[in-house]
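An overview of the molecular structure
Chain by chain, the residues:
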Amino acid sequence: MNKTNPIAPRVSGTRLWSRLMEMAEIGATSQGGCNRQALTDGDREGRKLFGSWATAAGCSLRVDAIGNIFVRRPGRDDTLPVVMTGSHLDTQPTGGKFDGIYGVLAGLEVVESLNDRAVETRHPIEVAVWCNEEGCRFPAAMMGSAVWSGRMPLAGAYALTDRSGLSVRQELERLGVDISSPMSRQAVKAAFEVHIEQGPVLEQRAKTIGVVTGVQHMSRHEVIVRGQEAHAGPTPMDMRKDPIRVLADVLPALYAAAARHGQHARLTVGIIETSPGSPNTVPGQLRFTVDLRHPDGAQYRSLRNEVDGLVHAALERQGLEGSIRCVWEAPGVMFDPACIAAVRHAAAALGCEAMEIVSGAGHDSCNTASVVPTSMIFIPCAGGLSHNEAESAAPKDLETGANVLMHAMLSLAK
Ligand SMILES: [Zn+2]
């Protein structure tokens, strides 16, 4: 922080921290994390606690038909589009105390800090709690923001079921969400989301603020190679149809391709499965996955094409049948230049060590960015660890991120 240029107002880091710790008690796990999956009793309790804080702060509260909560602080001209911030309160089964929750409570902290100093804004301010961001219980990540932005039909979201067969619709009703509420999208001037980085870059570069310029292009691919089951003893090496040969052939080529696409390319072989999976049988089939990511669209497409070509070449060299197919693809997102600039200027005015960064993970902001000007702010998390009970972030960094959020919002709401 730059002490010679104190810009006001500032958030209360201690209030933000105490709220994070109080929220973390709901669904607390033995290893210090949180299990508050979407639309469970724990989620209901967390949403209730948040609602009580927001109401006490003088905000009005609205819940839409998919269970997104919008907390509103009126503007001087309350008919103007809102300046919005938000994130999610739901967690992974072995999640942390900060992923998502920080973005929601930092938004509330902005509202309270403006109240404390009687700062009025011309535009209304809203804090959103997006429903089911994690997508672990109901298999659609970023569900609430997807419905809000029109990227997922409401009926499709309602029909999603968890492992026990309960649907999103049933669980929303059980939690008291009025599913006849309007599913309308309010006018938004700008949307921001502050989030822990969930990666190690800021920490390693000793930066407090990541000015997030966008989200990587990403896709998941499945490779199947067919071989022939055979006895590991009597079958000579040159008389086998061994699909693992293709894996051995293609892996070095895949890693080399990733390296050729620069330091921002990501290639992960996360699943390798053989069938029947016996130590003394040549596998009859091999299945492996390739997850590809790159922030640059042209580089991403070129890497995708190369990976396709390399798999086909290895199949041909080894004389085996097989295929590669894309099972999931999420196009990259470029955030709004004016919103990015607002974050950059706020970080500079507050004297933060900041750097530009591209998100490696998906966020609700990917959905809002498709319909309203959006950008994000990252702060470091210890060891880059997230989706982990040990997830942790420093109180000072959490406070700084909330201050940057507040000043980015103020620059557009005033
Ligand atoms: Zn998150």
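Since the model is a prediction, treat every value here as computed from it, not as a measurement.

**A look at the coordination of the zinc ion**
Distances from the zinc ion to its protein donors, namely His88 (NE2), Asp99 (OD) and His195 (NE2), fall within the range 2.0 to 2.3 Å. Sequence positions of the donors to the zinc ion reduce to the motif H-x10-D-x95-H. Residue Asp99 is found in the loop between β3 (82-87) and α3 (101-116), and its partner His195 is found in strand β5 (residues 188-196); the two are separated by 96 residues along the sequence. As far as the burial class goes, Asp99 and His195 line up, both buried.

**A look at the pattern of salt bridges**
Pairing between side chains of opposite charge can happen when their charged atoms approach one another. Inspection of the entire model under this criterion finds 22 salt bridges. Close ionic contact of Arg44 with Asp41 constitutes a salt bridge, the shortest N to O distance being 3.2 Å. Pair noted here: Arg44 and Asp41 are both in helix α2 (residues 41-56), with a separation of three residues, about one helical turn. Overall, Arg44 belongs to the partly exposed group, its relative accessible area being 33%. Taking the relative accessible area as the measure of exposure, Asp41 reaches 43% and is therefore partly exposed. The shortest N-O distance in the salt bridge between Arg317 and Asp249 comes to 2.9 Å. With a gap of 68 residues between them, Arg317 in helix α9 (residues 297-318) and Asp249 in helix α8 (residues 244-260) connect regions that are remote in the sequence. Residue classification places Asp249 among the buried residues on the basis of a relative accessible area of 18%. The network of salt bridges with shared partners includes Asp41, Arg44, Arg137, Asp162, Glu171 and Arg174.

Basis of the calculations
- Counting restarts for each chain: residues are numbered from 1 in the order of the written sequence.
- In keeping with the model being predicted, local features are shown solely for residues with a pLDDT of at least 70 and side-chain atom pairs are shown and tallied solely at 80 or more, while totals for entire chains, interfaces and linings include all residues.
- As a convention, hydrogens and water are excluded, and side-chain values are obtained from all of the structure's heavy atoms.
- Listed donors are limited to N, O and S atoms within 2.8 Å of the metal, widened to 3.2 Å for Na, K and Ca; water is not among them, so incomplete-looking sites are possible.
- In this description a helix means any DSSP run of H or I spanning at least four residues, a strand means any run of E spanning at least two, and both kinds are numbered starting from the N terminus.
- The cut-offs for exposure are 20% and 50% of the maximum accessible area for each residue type, with area from a 1.4 Å probe on protein chains only; residues under the lower value are buried, those over the upper are exposed, and the others partly exposed.
- When a carboxyl oxygen of Asp or Glu lies within 4 Å of a side-chain nitrogen of Lys or Arg, that pair is called a salt bridge.

Worth remembering: the numbers are spatial, not functional.
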